[in-house]
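Each chain, written out:
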Amino acid sequence: MQRFRADVVLVEDDPADAELILESLGADAMGHRVHVAPDGEDALDYVFCRAAYAGRPPADLPRLFILDINATKVGGLDVLRQLKQDRRTATIPVVMLTSSNLLRDVAAGYELGANSYVQKPVDFAQFRETVRLLGAYWLSVNEPPPAPPGEAAASGPDMPLRN
Amino acid sequence: MVGAIEPDHQRVTSTIEVRPIEVLIVGSDDDASDIRSLLDEASDEAFNVWSVDRLAAALQHICSSPTDVILLSLDLPDSEGVDTFGSMYARAAGVPIIVLTDADDVPVANAMLRGGAQDFIVRTERDASLLARSIRSAIERKRADLRIRGLTEHLEQRVLDRTGELEVANSELVVRRRELQDFIDAMSTMNAKIACDGTLLLANRIAQRASGFPIDRLIGMNFLDSQWWSFDPEVQARVRGAFASAVGGALVSYEERMLAFGKIITILLTLVPVTGDEGEVAYIVAEGRDISRRIEVEDALKAANQELEAFTYSVSHDLRAPIRQIDGFSRLLVEHCGSSLDARAQHYLSRVRESTVRMGRLVDDLLRLSQLGRQDMRPRLAALDDVLHDVIVEMQSDVGERVVEWKLAPLPKVQCDPGLVKVVFTNLLANAVKYTRTRTPAVIEVGTLTRNGRTTIFVRDNGVGFDMKYADRLFGVFQRLHRADEFEGTGVGLATVQRIIHKHGGDIWAEAEPDRGATFHFTLGPG
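Residues numbered from 1 in each chain as written. Chains lettered and ligands numbered in written order. Predicted model: local features only at pLDDT ≥ 70, side-chain atom pairs only at ≥ 80, totals over all residues. Heavy atoms only, no water.

Novice: Explain the overall build of chain A to me, and be specific about the residues and the numbers.
Specialist: When its secondary structure is counted, chain A shows six helices and five strands. Taking all 163 residues of chain A together, the buried fraction comes to 47%. In chain A, 69% of the contacts between residues at least 6 apart in sequence involve partners at least 24 apart. (Helix = DSSP H or I, 4+ residues; strand = E, 2+ residues; numbered from the N terminus. Buried < 20%, exposed > 50% of the residue type's maximum accessible area, 1.4 Å probe, protein only. Contact = heavy atoms within 4.5 Å.)

Structure (structure tokens):
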């Protein structure tokens, strides 16, 4: 269990898929640290420094969320909503990476503020290329938002940013 | 006035009496001679005078000789008074009788007149012209009497005949009505004859049972106000509208709800206007066919289909992840450890990878098939030439180095969903390319045929074909006519094609022979 800073939080309940995503991201080679959350609750606990992650410094925020819509315990869309409602996490890019291509899910993802929506290709070659591209884009090409306000200004997760 | 009558009388006499008037005198010799002399005086008429002195002789005479008039004395040696007249009258049907009487017997003679005598003559009033006139008028009156009686009898017979005919017709009508009722009662649908104002004129047993009323109460009720429809104002308004259209001359048929047999059922309501002699709508024949059962079955089928599609979708969806993982890890194994694996391990691994690829295709095809059912058609007028062209361009990678001769005839513009039709062409052409693999050159032909005014599109190849006895399995899911090691495939392609064609309301069929190629014909609509 990683106690320290991660560049990416990957919410994926399928360990095989998680491993393939890590492999495809080339995280090791690129020097990116990835926190793999097996469910939505673990992801929220990690980012808000709760429960098992209570000792983690709250200012250490990831640069990217990769979120499966079908996450267990707390669903992917719920995780997305809570991230976007909190000032500290609202600006962190969220990529929905999921096997669902239902229009309903895509629409809900964007409505709740997802920055990107990517369907997992069934073919591994395409899958690997897709994941590699999204890692390269969001972690290298994309200019991240400025560092969020200091801890003193931090508000609770219930404070909505968007009305 | 007498003068006016005379010529007429003369004329009648002259036309009818071409022979002398046969006069029979029944009485004493004195009577006979008196009358003979009087008749001689009336010289303008020709009389043939016969005389007898007894009733028996008189009766015999009238039977054997033509007699125009009888001058009858009541007192005869063999008969007297009223009886004489009665006997004579009874026997001398049609012959007028003039009674000879004495002056003091006039009251008796008057009674004779009432009993049927034509006239009487008083013996003392000897007047030749009076006698002649009396004879003539007696004959005429009798003749008129007879004619009237004849007419009356004829008339009575006519009345009797007509009455008989009417009775026959009436019973015929009862039988016919009964037959009609039996006939409509035997129908398995609700049927009624309805006047244009909505009054129920006739209803069959099922309609009567549906109403819950006895038939004699049902008939005469208003169809439009009946509780069949009045349970819902919307239904009633629709039925009224449909009925008005039917009265306007239109045949109306649509699905409607109805309160029948104590529950609400769905019927196919058909209203047929029946026209009279002058082309006007005389009445409406209504038919109600209970289709609740059919609708139930249809709904159940629809639900089952949806469930099946949802199942197929989620199964194929959930299958994707493990397939990708097997694919991914086996590929990583080759990449990272390939050089350290021995030949046998490499072979096993390549088998794993082949199976994974096939499984992936299968799931993808299945997913596409299941999505077809959910997908809405987006039809527009599309040029099939363009669709075909795109498909052939994309097909080039399958063709590779092979020599394929394409024979493409111009295709029509049709109303269709071009995205789906592209899937049709893709599958059919991919099959054609695949099954002509052993041919050089492969010849693939696309064109149209018009048979019985129906235009069909065909895709023909000179490939390996197939035996027509398996044709019914051609379009089934996972049905394959070739072994996987001969020709690869998932057995979903033609099922997908057929489903798209059916979605367009069209049809698809194939003609083939082993080793002599295959032709697929299809239409994109009922036309």
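Next comes the rest of the description.
Novice: Describe in detail the packing of helix H1 (residues 15-25) of chain A against helix H11 (residues 292-337) of chain B, supporting the description with residues and values.
Specialist: Relative to each other, H1 of chain A and H11 of chain B sit at 45°, their axes nearing to 10 Å. When the axes of H1 of chain A and H11 of chain B are compared, the pair comes out oblique. With respect to the hand of their crossing, H1 of chain A and H11 of chain B are arranged in left-handed fashion. Counting all contacts with H1 of chain A, which are made through Ala16, Asp17, Glu19, Leu20 and Glu23 of chain A, the residues of H11 of chain B involved are Ala321, Arg324, Gln325, Gly328, Phe329, Leu332 and His336 of chain B. Along the lines of polarity and charge, the residues of the contact of H1 of chain A with H11 of chain B split into five nonpolar, three polar and four charged. (Axes fitted to C-alpha atoms, helices over the stretch in contact; angles between N-to-C directions. Parallel < 35°, antiparallel > 145°, perpendicular 65-115°, else oblique. Left-handed = near helix turned anticlockwise from the far one by under 90°. Nonpolar A, V, L, I, M, F, W, Y, C, P; charged D, E, K, R; others polar.)

Novice: How would you summarise the packing of H11 of chain B against helix H12 (residues 343-374) of chain B if you had to cite specific residues and measurements?
Specialist: Residue and element names in this part refer to chain B. Contact geometry for H11 and H12: axes closest at 8 Å, N-to-C directions at 155°. Between H11 and H12, the interaxial angle falls into the category roughly antiparallel. With respect to the hand of their crossing, H11 and H12 are arranged in left-handed fashion. In the contact of H11 with H12, the residues fall into 13 nonpolar, nine polar and seven charged.

Novice: Tell me about the pattern of salt bridges, residues and numbers included.
Specialist: Taken as a whole and judged by the stated rule, the model has 33 salt bridges over all chains. Asp17 of chain A is the salt-bridge partner of Lys120 of chain A, the closest N and O atoms lying 3.0 Å from each other. Here Lys120 of chain A is found in the loop between strand S5 (116-119) and helix H6 (124-141), whereas its partner Asp17 of chain A is found in helix H1, with 103 residues between them in sequence. Residues Arg123 of chain B and Asp31 of chain B are paired through a salt bridge, measuring 2.7 Å at the closest nitrogen-oxygen approach. Remark: Asp31 of chain B occurs in helix H2 (residues 29-41) and Arg123 of chain B occurs in the loop between strand S5 (119-122) and helix H6 (128-185); sequence separation between them is 92 residues. On the accessibility criterion, Arg123 of chain B (27% relative accessible area) is partly exposed. (Salt bridge = Lys/Arg side-chain N within 4 Å of Asp/Glu carboxyl O.)

Novice: Kindly report on the interface of chain A and chain B, identifying the contributing residues and their values.
Specialist: Think of interface size as the accessible area that goes away when the parts come together; that is how it is often given. Contacts between chain A and chain B engage 19 residues on the former and 15 residues on the latter. Where chain A abuts chain B, roughly 1,500 Å² becomes buried across the two surfaces, and 53% of that area is made up of carbon and sulfur atoms. Considering only the surface of chain A that becomes buried against chain B, Leu20, Val122 and Phe124 of chain A emerge as the three largest contributors, covering 39% of it. Our enumeration of links across chain A and chain B arrives at two salt bridges. (Buried area = accessible area lost by both parts, 1.4 Å probe.)

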